Amino acid sequence: MPAQDHPWVHRLAIAALLVAILLTIGLGGAVTSTEVGMAYPTWPNINGWSLFHVFYGEIAEAFGAGSALEHSHRQAGTLMGLLCIALALAALFGQTPRSWKILASACLLIVILQGLLGAFRVVGNDQIMAILHALGAQFCVLLLTAMAKISSPAWAKQPQSCASSGANGLRLWTAMGIAVLFLNLIAAASLRHKEGAFSGHLVLALVASGVLLWVVRLAFTQARDQPRIRAAAHRLAWLLGIQLGLGLATWAILMGPLLDSFDSDRTRFVAQACCATSHLVVGVLVLVQTTSLALEARFRLHPESSA
Amino acid sequence: MTNRSLGGLFFVGAACIFGLLLSFRFGSAPTSSTLSRETDPLSLEAEAALQIFFGNAREPKLDNLETSADLRAGAKLWATKCMHCHGRSGLADTSTAAMLRPRPRSFSHGIVKFKSSGFMEPATRADLERTIRNGIPTTSMAGFFAFPDSAIHEVTAYTRWLLIRNQVKTEVMTAKEKDLSLDLVAATERAKMRISQAWAETKAEPVPILRDPTPASIARGGALFAGEKAACFSCHGKQGAGNGPAAWDSVNERWMLRDLWGEEVRPRNLKDTLLGGTAASDVWRRIALGIPGTPMPAHRDRLAPEEIEALVHFVLSLQESP
């Protein structure tokens, strides 16, 4: 049955994706940037207070602003879980394609795993779990992006597949782009959670940028008759530029020439947290856009010889 | 796949492996050898004197109390596990610390709240290891129970170094402010010898054998709790809820007590988890030996042993009540 007959699957996927990026990962990134991830090392409750307590002022008053921030991250994760449950139910019990059911189920399983990883990180005071938790979040975003894309009415309306000389190249290098982005995420998470060397993240960020710029080039030169792919590549180029700028700013403020240019520790702290968190969130958007482009290349293009 | 693509893949793969290998060099040494960012002349003079006898953050030394190897390893662990809350110099002066309540412990006076030694005595090594390993419930001090014993040993060594160093620093700076002609180097050396010796010789106070609670002992404890002799109610409240008249200003809705570091003190709600532990021996220590740095006094010299025992029974009965 066409996608327009299952609007709620698409809506739930979009909602879950937005909550994932802006709330769960955004707040989670802020938690790590301010180093309050262990603000209250109990799970799921906050020192006996319910996970569903929404009066953040009371929490801040009792346990500090750091605890309120961590608590809001956990609640955002809970909201994501509820949305993924609804998504899975809508996909499994509706007359939806098999791929939708599999993807929605995978989203739900990963979100549940994410919750458990978060619990292990906190209860076990384990920074390896923190890194896995960070990676799991990005993998969740990847799945939700795919779910949102393939369930969209626009995707269903497109012609099945177009021949393109750049199909193989785009498929290969978008897949490589996603792989390198994940490797870069490992390096970035190691840097944030275990004081890993910055040089590793720098090398992998440059490799990822190079691969993605190559993807953009392929899209503009070999898929120039595919307006959706060109538009996606255009967005990816912009996001990449913003991300590199934020990366440079984050480096400058955290360990570079701007480190000592603040008049107070508090101002420096806030600037560092804002930069690092923005850099993380835009990085997720880069992953989303690359995933979207990869899906377009995989399912909407085919090599000319195999028409 | 073309040769060009294969070449590109190979290059990307190699670069990724290189990047990952670089990034897995964990646990950097302290980036700076200095602990303090203060710039006033007195602090700088004190830091210079301290460096002579204590070394610096990268090469700390504590003579016979801790080995240099343990201190260096502990310094690395401190930088990655502890510094974001307790600060580079153990003064809990970080922005992260300001976001937490209760605020992470400042080591400015060498004081540890939950310990087994006497009120005015330094904490034992075992006290520090216990806190690091088990954490402090309902606070942001998580336990590092998954760490190997060697790591606990090393970070304890460095924590002790910071505690002793800060205690010496506070003492000599206070003395210098009163007597500007004081020779800081000599004063630091004397203070270090005396304070280090106190830390080396401190020991746990023996806990008496406590009998099982009875209704009579609990009632006696309750009477002492609410009476003038022990006056526990004045801070902890008649129901033990932590809102006694000396602590909570119900008119202006503010907490009135402050600890040594100027932070707001909220006497414990004795029906909640007790920070220093919920075993009878832990409760005995808090009552008999007090909690240094806070308004919680030591009652050992004011109350008879059986009175303290009755109070222990009463507090434990509050723990078990709904």
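These remarks concern the structure in this document. (Residues numbered from 1 in each chain as written. Chains lettered and ligands numbered in written order. Predicted model: local features only at pLDDT ≥ 70, side-chain atom pairs only at ≥ 80, totals over all residues. Heavy atoms only, no water.)

Quick notes on the interface of chain A and chain B
No. 1: Taken together, the 45 residues of chain A in the interface contact 37 residues of chain B.
No. 2: The junction of chain A with chain B conceals about 3,200 Å² of combined surface from both sides, 62% of it contributed by carbon and sulfur atoms.
No. 3: Residue Glu61 of chain A is joined to Arg266 of chain B by a salt bridge in which the shortest nitrogen-to-oxygen separation is 2.8 Å. (Contact = heavy atoms within 4.5 Å. Buried area = accessible area lost by both parts, 1.4 Å probe. Salt bridge = Lys/Arg side-chain N within 4 Å of Asp/Glu carboxyl O.)

Brief notes about the environment of Ile102 of chain A
No. 1: When you line up the elements, Ile102 of chain A lands in helix α4 (residues 98-123).
No. 2: On the accessibility criterion, Ile102 of chain A (46% relative accessible area) is partly exposed. (Helix = DSSP H or I, 4+ residues; strand = E, 2+ residues; numbered from the N terminus. Buried < 20%, exposed > 50% of the residue type's maximum accessible area, 1.4 Å probe, protein only.)

Regarding the pattern of salt bridges
Residue and element names in this part refer to chain A.
No. 1: Applying the stated criterion across every chain yields a total of 25 salt bridges over all chains.
No. 2: Salt-bridge contacts for Arg268 lead to Asp265; the nearest nitrogen and oxygen are separated by 2.7 Å. On the criterion of helical spacing, the pair formed by Arg268 and Asp265 is a turn pair, its members being three residues apart in helix α10 (residues 265-300).
No. 3: Note on Asp265: relative accessible area 35%, which makes it partly exposed.

Here we look at the nonpolar core
No. 1: Membership of the largest hydrophobic core comes to 79 residues, with the highest contact counts inside it found for Leu144, Leu170 and Trp173 of chain A.
No. 2: With 12 residues, helix α5 (residues 127-150) of chain A is the largest single contributor of residues to this core.
No. 3: Once you skip the residues sitting within four places of it in the chain, Leu144 of chain A turns out to touch Ala13, Ala16, Leu17, Ala20, Met80, Cys84, Leu87 and Cys107 of chain A.
No. 4: Counting 39 residues, the second-largest nonpolar core is a separate cluster that includes Leu50, Phe53, Leu65 and Leu77 of chain B. (Core = buried A, V, L, I, M, F, W, Y, C linked by side-chain atoms within 4.5 Å.)

Considering the side chain of Glu309 of chain B
No. 1: Looking at the secondary structure, you find Glu309 of chain B in helix α11 (residues 305-320).
No. 2: Owing to a relative accessible area of 7%, Glu309 of chain B belongs among the buried residues under this scheme.

Digging into unusual backbone geometry
No. 1: Of note, the amide linkage connecting Trp43 of chain A to Pro44 of chain A takes the cis form, showing an omega dihedral of -5 degrees.
No. 2: With respect to the helices and strands, Pro44 of chain A occurs in the loop between α1 (7-33) and α2 (56-63).
No. 3: With phi around 45 degrees, Asp63 of chain B is a residue other than glycine that occupies positive phi space.
No. 4: The exposed category is assigned to Asp63 of chain B, whose relative accessible area is 54%.
No. 5: A positive phi angle, close to 60 degrees, is found at Thr138 of chain B, a residue other than glycine.
No. 6: Its place among the elements puts Thr138 of chain B in the loop between α5 (125-134) and α6 (149-178).

Digging into the packing of aromatic side chains
No. 1: As enumerated under the stated definition, the model contains nine aromatic pairs over all chains in all.
No. 2: For the pair Trp78 of chain B and Phe107 of chain B, a centre-to-centre distance of 5.9 Å together with 50 degrees between the ring planes defines the contact as tilted. Within this pair, whereas Trp78 of chain B is found in helix α3 (residues 68-86), its partner Phe107 of chain B is found in the loop between α4 (95-98) and α5, the two being separated by 29 residues in sequence. In this pair, the class of Trp78 of chain B matches that of Phe107 of chain B, namely buried.
No. 3: Ring geometry for Trp248 of chain B against Trp255 of chain B: centres 4.9 Å apart, planes inclined by 55 degrees, an arrangement best described as tilted.
No. 4: Through pairs of rings, three or more aromatic residues link up here, namely Trp78, Phe107, Tyr158 and Trp161 of chain B.
No. 5: Across the ring face of Phe299 of chain A, the terminal group of Arg298 of chain A is positioned such that the distance to the ring centre comes to 5.3 Å. (Phe/Tyr/Trp six-rings, centres within 6.5 Å; stacked < 30°, edge-to-face > 60°. Lys NZ or Arg CZ within 6 Å of the ring centre and 35° of its normal.)

Brief notes about the packing of helix α3 (residues 65-93) of chain A against α5 of chain A
Residues and elements named next belong to chain A.
No. 1: Two elements in contact, α3 and α5, have axes separated by 13 Å at closest approach and are oriented at 35 degrees. Of the two elements, α3 crosses α5, and the hand of that crossing is left-handed. Between α3 and α5, the residues in contact are His73, Met80, Cys84 and Leu87 and His133, Cys140, Leu144 and Met147, respectively. (Axes fitted to C-alpha atoms, helices over the stretch in contact; angles between N-to-C directions. Left-handed = near helix turned anticlockwise from the far one by under 90°.)

These figures come from the coordinates and say nothing about function on their own.
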